[in-house]
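# Close look at the chain arrangement
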Amino acid sequence: MTDDPEAIKTEILEATAAATTLDRLEAIRVEELGKKGRITGFMKELGSMDPERRKTVGLALNALKTDVAAAIEERKRDLADADLDARLMADAVDVTLPARPEKPGRVHPISQTIDEVVAILGEMGFAIAEGPDIEDDWYNFTALNIPPEHPARQEHDTFYLPGQNDGHRMLLRTHTSPVQIHTMQQQKPPIRIIVPGRTYRCDYDATHSPMFHQIEGLAVDESTHMGHLKGCLIEFCRAYFGVEDLPVRFRPSYFPFTEPSAEVDIGCIREGGELRIGHGDDWLEILGCGMVNPKVLENCGIDSGKYQGFAFGMGIERLAMLKYGIADLRTFFESDLRWLRHYGFSALDVPSMVGGLN
Ligand code: DAH
């Protein structure tokens, strides 16, 4: 046991000040204050001293212990600060480094096709209208002249929502045609709208998905006639497929909400399992249309003696598949990024509303 705590203190404080690493400092702390350390050892000797001496030496040892612990703590803080400064200097961010190239996102073919169709029909004076995905039976069927028990109801494979207390069931719209009804209830003619939107049918294979997209068109005015319908749709088909003299034919058909009704076919060539759009001896159906059935106008409170209109409806996925060579409709909704990188479009290539498509 030393008789000179001051000399020990000086010795330890010098060693502490000389320590340049946290490891060295920790070693000093263990050597002096640790369980088997020097000062701890002195403390243990106190028990064998006579009370007088124990008191004076005890006080001196406690003061030594406190001073040494404080000195080590302070040096530890200094070293930690210096260490942090050194790391900050070494890790400095180099703001002059070029950014890592990020793959730009792609526009989904559905969005692109909607944009293209809207750009073409928008230039003809059609405005966009929207309606709810969840419909009432009346809007989806009855008002469109598809009464209960009408065979067209079975063809639509409708998704019904759980029934309400009065037995009334809402449904997911099976086509965009109910937006014709909403619009005619809310606006007076002249009306010229297009309705891009989601539609639903219980169907799933290479050309059907339970959720898909349609664009509906409706024009109502006092003198609207079939010539307008034909001119508008022939122009649309040629602009959309980018074939100036694309053959387009109107084939008589049936829809409850139009009279007369037609389906529109465009010319195509089928060769060795390949399909090309343009001049050829084959035809491909792309949309349905007709003159609005007077009953539908009357259901919306429009005087069918004064007004007449034309309407059309087409599937967006089908239009995209034909133009961009996409074979399976289900792939539109699989969220596969490799597919999107291949079939998607640059966000800078959005079709312009004026001057045709770029
Ligand atoms: N709603 C029809 C369907 O989903 C498509 C359609 C045909 C819409 C003729 C029309 C139309 O507006 O005139 O099959």
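Bear in mind the structure is a predicted one, so any value in this text is a computation, not a measurement. (Residues numbered from 1 in each chain as written. Predicted model: local features only at pLDDT ≥ 70, side-chain atom pairs only at ≥ 80, totals over all residues. Heavy atoms only, no water.)

Near the ligand you find 15 residues, and of these His-175, Ser-177, Arg-201, Gln-214 and Glu-216 are the closest. Protein contact buries 89% of the 350 Å² of open area that the ligand shows by itself. Elements that contribute at least two residues to the shell around the ligand include exactly strand 5 (211–221), strand 9 (282–292) and strand 10 (308–315). (Near = heavy atom within 4 Å. Areas by Shrake-Rupley, 256 points an atom, 1.4 Å probe, with all protein chains shown as cover. Helix = DSSP H or I, 4+ residues; strand = E, 2+ residues; numbered from the N terminus.)

Right, let's talk about helix 2 (residues 22–33) for a bit. Over its 12 residues, helix 2 runs 16 Å from end to end, which matches the ideal 16 Å to within 8%, given 1.5 Å per residue. All buried positions along helix 2 are accounted for by Leu-25, Ile-28 and Glu-32. Within helix 2, the buried residues cover an arc of 55° as seen down the axis, which keeps them to one side. Residues of helix 2 that are buried make contact with helix 1 (5–18), helix 3 (38–45) and helix 4 (51–90). (Expected span 1.5 Å × (residues − 1). Buried < 20%, exposed > 50% of the residue type's maximum accessible area, 1.4 Å probe, protein only. Arc of directions from axis to C-beta. Contact = heavy atoms within 4.5 Å.)

All right, on to the domain arrangement of the protein then. The assigned domain composition of the protein is domain 1 (5–90) and domain 2 (109–349). For domain 1 versus domain 2, the distance between C-alpha centres works out to 86 Å. (Domains from an automatic or database assignment.)

Throughout the structure, instances matching the rule amount to 10 aromatic pairs. Centroid distance Phe-236 to Tyr-240: 5.9 Å. Interplanar angle 15°. Geometry classified as stacked. Of this pair, Phe-236 and Tyr-240 both sit in helix 9 (residues 226–241), 4 residues apart, roughly one helical turn. Taken together, a centroid distance of 5.8 Å and an interplanar angle of 20° make the contact between Phe-255 and Phe-257 stacked. In textbook terms, an aromatic cluster arises when at least three aromatic residues are bridged by ring pairs, as seen for Phe-332, Phe-333, Trp-339 and Tyr-343. Here the guanidinium or amino end of Arg-169 rests over the ring plane of Tyr-160, the centre of that ring lying 4.2 Å away. (Phe/Tyr/Trp six-rings, centres within 6.5 Å; stacked < 30°, edge-to-face > 60°. Lys NZ or Arg CZ within 6 Å of the ring centre and 35° of its normal.)

Judged by nonpolar contacts, the single largest core of 42 residues is most densely connected at Leu-121, Phe-236, Ile-286, Cys-289, Phe-312 and Met-314. If one sorts the elements of this core by residue count, helix 9 sits on top with 7 residues. The residues touching Ile-286, leaving out its near neighbours within four places in the chain, are Cys-237, Phe-241, Val-264, Ile-266, Met-314, Arg-318, Leu-319 and Leu-322. (Core = buried A, V, L, I, M, F, W, Y, C linked by side-chain atoms within 4.5 Å.)

What follows covers the packing of helix 1 against helix 2. At a closest axis distance of 9 Å, the pairing of helix 1 and helix 2 adopts a crossing angle of 160°. Comparing the axis directions of helix 1 and helix 2 gives the class roughly antiparallel. The handedness of the crossing between helix 1 and helix 2 comes out as left-handed. On helix 2, the residues that touch Ile-12, Ala-15 and Thr-16 of helix 1 are Leu-25, Ile-28 and Glu-32. Class assignment of the residues belonging to the contact of helix 1 with helix 2 gives a composition of 4 nonpolar, 1 polar and 1 charged. (Axes fitted to C-alpha atoms, helices over the stretch in contact; angles between N-to-C directions. Parallel < 35°, antiparallel > 145°, perpendicular 65-115°, else oblique. Left-handed = near helix turned anticlockwise from the far one by under 90°. Nonpolar A, V, L, I, M, F, W, Y, C, P; charged D, E, K, R; others polar.)

Attention now moves to the pattern of salt bridges. Using the criterion set out here, one finds 16 salt bridges in the structure. Asp-265 is paired through a salt bridge with Arg-249; the nearest N and O atoms lie 2.9 Å apart. Residue Asp-265 is located in strand 7 (residues 258–271), and its partner Arg-249 is located in strand 6 (residues 248–255); the two are separated by 16 residues in the primary sequence. By relative accessible area, which is 32% here, Arg-249 ends up partly exposed. One salt-bridge network, held together by shared partners, links Arg-249, Arg-251, Glu-263 and Asp-265. (Salt bridge = Lys/Arg side-chain N within 4 Å of Asp/Glu carboxyl O.)

What follows covers a negative patch on the surface. Residues Glu-74, Asp-78, Asp-81 and Asp-85 make up a contiguous surface patch of negative charge. Among the structural elements, Asp-85 can be located in helix 4. Take Asp-85: its relative accessible area is 48%, and that puts it in the partly exposed class. (Patch = residues over 30% accessible without salt bridge, like charges linked within 9 Å, V, L, I, M, F, W, Y side chains within 5 Å. Lys, Arg positive; Asp, Glu negative; His and termini not counted. Charge placed at Lys NZ, Arg CZ, Asp CG, Glu CD.)

Of note, Thr-16 is situated in helix 1. Apart from the residues lying within four places of it in its own chain, the contact partners of Thr-16 are Leu-25, Ile-28, Ala-71, Ile-72 and Arg-75.

Before going further, it helps to examine the confidence of the model for the protein. Residue-level pLDDT values for the protein average 91, and 97% of them are 70 or greater. Note that residues 353–358 has pLDDT below 50 and, in this model, 16 contacts with residues that lie over four places away or in other chains. (pLDDT = per-residue confidence, 0-100.)

We now examine the layout of surface pockets. Roughly 210 Å³ of volume is contained in the second largest pocket. Around the second largest pocket, the lining comprises 13 residues; the ones closest to its centre are Arg-192, Ala-219, Thr-224, His-228 and Phe-310. Elements supplying a minimum of two residues to the lining of the second largest pocket: strand 4 (191–200), strand 5 and helix 9. With 3 residues, strand 5 is the single largest residue contributor to the lining of the second largest pocket. Tallied by class, the residues present in the lining of the second largest pocket amount to 8 nonpolar, 3 polar and 2 charged. (1 Å grid on protein atoms, 1.4 Å probe; cavity = no way out; pocket = protein on both sides within 12 Å on 5 of 7 lines; lining within 4 Å. Points joined across faces, edges and corners; volume = space filled by probe spheres on them.)

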